[in-house]
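Topology and contacts: notes
Here's the letter readout for the chains.
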Number of protein chains: 2
Amino acid sequence: MFNGMKRTAMRQRTAAMAAGLLVGLGGAAYSVAADAPSMGDLQVKYRQAMYTVMAGNFAPLGAMAAGKAPFDAKEAQKRADRVAFVSNMLNEGFPPGSDKGKGTRAKPEIWTNRAEFDRLMQDLQKQTAALAAAAKTGDEAKFKPAAAAAGKACKTCHDKFKTED
Amino acid sequence: MFNGMKRTAMRQRTAAMAAGLLVGLGGAAYSVAADAPSMGDLQVKYRQAMYTVMAGNFAPLGAMAAGKAPFDAKEAQKRADRVAFVSNMLNEGFPPGSDKGKGTRAKPEIWTNRAEFDRLMQDLQKQTAALAAAAKTGDEAKFKPAAAAAGKACKTCHDKFKTED
C-alpha cells in the first residue's frame, strides 16, 4: 500500500519535473515545431548545465590548489560551498532515457553499471562536502589536499563514464 | 592603500576566474584551434548554464503553484532551496565583455543600465529567499503566493533585459 502510494507520488513528481523541464528549458517554444527537442535532449541540456556550473566554480579552486592563483580564503569558501551544493544535485541528471539526448558525452555504462556510477557520485559528494568544510577553516594547508581529493573524484568518474573531449 | 590592495586582489581573482573558466569550461581543448571560443563565449556558456539550472528547478515549483502538479512539500522545499541558492550566483554571470558572447540573448541594456538590472536581480534574490522560507513551512497556502512572486521577479527581468525566444 505504502509502496503503491509512493510509486504514484513518484510518477506525479516525475511528470511534474518532465513538464517543468519542457517549459523551463524552452521546450514550449518548440511545442509545435518539427525540430522539437526530445525529453532526452532537455535532460541532457539540464545535466550539462549542472556540470558547467560545477566546472566554472571548481576551476578557480583547482587553480588555487595548484598554486596557479593566490589562495583567497573567502573566494575558496564561496566556490567550495557552490561545488558541494551542486554536486548534491547531480544524481537527478541521469534519469532513464537521458542516455540518448543530443550532444551527450555520458557513456551508456552509467545506465548499465549504475551501482558503480552511484558509488563514484557518492564519493564526489563526500569529497566536495569535505572540501567545503576545509575551505571554511580558511587554512590553505587544509584546503589544498581537500581540493585535490575533490578534483580526483571528478576525474575518476569522468575517466570511467564520460566520453573524451 | 587598502583600495590599491583590494584592486590587486580583485585582478588576481578575476585572472584566476578567467583561467578557471577557460580550463573548466573546455577552453583548454581549443587552446591551439582556430575556432577557439572567446572569453565572452565561455562567460555566456556559464551564464546560460546557471539559468538552465534555475529553470529546471523553478519549473516544478511553477507547476505546483499553478495547480498543474500536486503540491509536494518536500519537493517544493528542495527546489526552492536550489532556486534561492543559484539566484545568488547570477550576479557574476554578467561581467564586462560578456555582452558579446556566442548565443547570448542578454540585451546590451544590462551593461548600459546596470543599476536597474542590479535592482531587479536583488529583487529576484529577495523573492527566492522568501520562497525558500515559505516552502520550508510546508504550507501550500504560504508556498503558492511566494512562488508566484518569485516567478514574477524572473519575468520582470526577462521582459526588460532578455531578447525574446
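All of the points below concern the structure found in this document. It should be emphasised that the depicted structure is a prediction, and the values quoted were computed from it without experimental measurement.

With that settled, consider the packing of helix 5 (residues 114-137) of chain A against helix 6 (residues 140-161) of chain A. Residues and elements named next belong to chain A. Here helix 5 crosses helix 6 at 160°, and the two axes come no closer than 8 Å. Accordingly, the angle class assigned to the pair helix 5 and helix 6 is roughly antiparallel. As for how helix 5 packs across helix 6, the hand of that crossing is left-handed. Of the residues in helix 6, those touching helix 5 at Glu116, Phe117, Leu120, Asp123, Leu124, Gln127, Thr128, Ala130, Leu131, Ala134, Ala135 and Thr137 are Lys142, Phe143, Ala146, Ala147, Ala149, Ala150, Ala153, Cys154, Thr156, Cys157, Lys160 and Phe161. Tallied by class, residues from the contact of helix 5 with helix 6 come to 16 nonpolar, four polar and four charged.

Moving on, we come to the side chain of Ser98(A). The topology assignment puts Ser98(A) in the loop between helix 3 (73-87) and helix 4 (109-112). Among residues more than four places away in sequence, those in contact with Ser98(A) are Gln43(A), Val44(A), Arg47(A), Gly93(A), Thr104(A) and Trp111(A).

Okay, the environment of Lys160(B) next. Residues and elements named next belong to chain B. Positionally, Lys160 belongs in helix 6 (residues 140-161). In this structure, the C-alpha to C-alpha distance between Lys160 and Pro70, residues 90 residues apart in sequence, is 32 Å. Here Lys160 is in contact with Lys107, Glu116 and Leu120, once residues within four sequence places are set aside.

With that settled, consider the packing of helix 3 (residues 73-87) of chain B against helix 5 (residues 114-137) of chain B. All names here are of chain B. Orientation of helix 3 relative to helix 5, taken along the N-to-C sense of each, is 155°, at an axis distance of 8 Å. Considering their axes alone, helix 3 and helix 5 lie roughly antiparallel with respect to each other. Crossing of helix 3 against helix 5: the hand is left-handed. Residues Ala73, Ala76, Gln77, Ala80, Asp81, Val83, Ala84 and Ser87 of helix 3 lie in contact with helix 5, whose contacting residues are Met121, Leu124, Gln125, Thr128, Ala129, Leu131, Ala132, Ala135 and Lys136.

This next bit is on the environment of Leu124(B). Here Leu124(B) shows up in helix 5. As a C-alpha pair, Leu124(B) and Pro108(B) span 16 residues in sequence and 20 Å in three-dimensional space.

As a further point, take the pattern of salt bridges. Residue and element names in this part refer to chain A. Taken as a whole and assessed by the stated rule, the structure comprises 24 salt bridges over all chains. Its salt-bridge partner being Arg119, residue Glu116 comes within 3.1 Å of it at the nearest N-O pair. A residue pair is termed a helical-turn pair when its members lie 3 or 4 positions apart in one helix, as Glu116 and Arg119 do in helix 5 at three residues. Classification of Glu116 by relative accessible area gives buried; the value is 18%.

Think of an α-helix as 3.6 residues a turn; residues three or four steps apart then line up on the same face. Residue and element names in this part refer to chain B. Compared with the 32 Å implied by 1.5 Å per residue over 22 residues, the 31 Å span of helix 6 between its first and last C-alpha is a close match. Of all the positions in helix 6, only Phe143, Ala146, Ala147, Ala150, Gly151, Ala153, Cys157 and Phe161 are classed as buried. Take helix 6 and look down its axis: the buried residues cluster within an arc of 150°, on one side only. Facing away from the buried side of helix 6 by more than 90 degrees, the exposed set consists of Ala141, Lys152 and Lys155. Buried residues in helix 6 make contact with helix 2 (39-65), helix 3, helix 4 (109-112) and helix 5. Its side-chain oxygen placed 2.9 Å from the backbone nitrogen of Ala141, Asp139 serves as the N-cap of helix 6.

One recurring pattern in soluble globular proteins: nonpolar side chains tend to sit buried together. Counting residues in each nonpolar core, the largest one holds 71 residues, and the members touching the most others are Leu61(A), Leu131(A), Phe143(A), Leu61(B), Leu131(B) and Phe143(B). If you list the elements that add at least two residues to this core, you get helix 2 (39-65), helix 3, helix 5 and helix 6 of chain A together with helix 2, helix 3, helix 5 and helix 6 of chain B. Residues contacting Leu61(B), with those up to four places away along its chain left out, are Ala76(B), Arg79(B), Ala80(B), Val83(B), Leu131(B), Phe143(B) and Ala147(B).

How each quantity is defined
Residues numbered from 1 in each chain as written. Chains lettered and ligands numbered in written order. Predicted model: local features only at pLDDT ≥ 70, side-chain atom pairs only at ≥ 80, totals over all residues. Heavy atoms only, no water. Axes fitted to C-alpha atoms, helices over the stretch in contact; angles between N-to-C directions. Helix = DSSP H or I, 4+ residues; strand = E, 2+ residues; numbered from the N terminus. Parallel < 35°, antiparallel > 145°, perpendicular 65-115°, else oblique. Left-handed = near helix turned anticlockwise from the far one by under 90°. Contact = heavy atoms within 4.5 Å. Nonpolar A, V, L, I, M, F, W, Y, C, P; charged D, E, K, R; others polar. Salt bridge = Lys/Arg side-chain N within 4 Å of Asp/Glu carboxyl O. Buried < 20%, exposed > 50% of the residue type's maximum accessible area, 1.4 Å probe, protein only. Expected span 1.5 Å × (residues − 1). Arc of directions from axis to C-beta. Polar contact = N/O pair within 3.5 Å; in protein donor to acceptor, adjacent residues only side chain to side chain. Core = buried A, V, L, I, M, F, W, Y, C linked by side-chain atoms within 4.5 Å.

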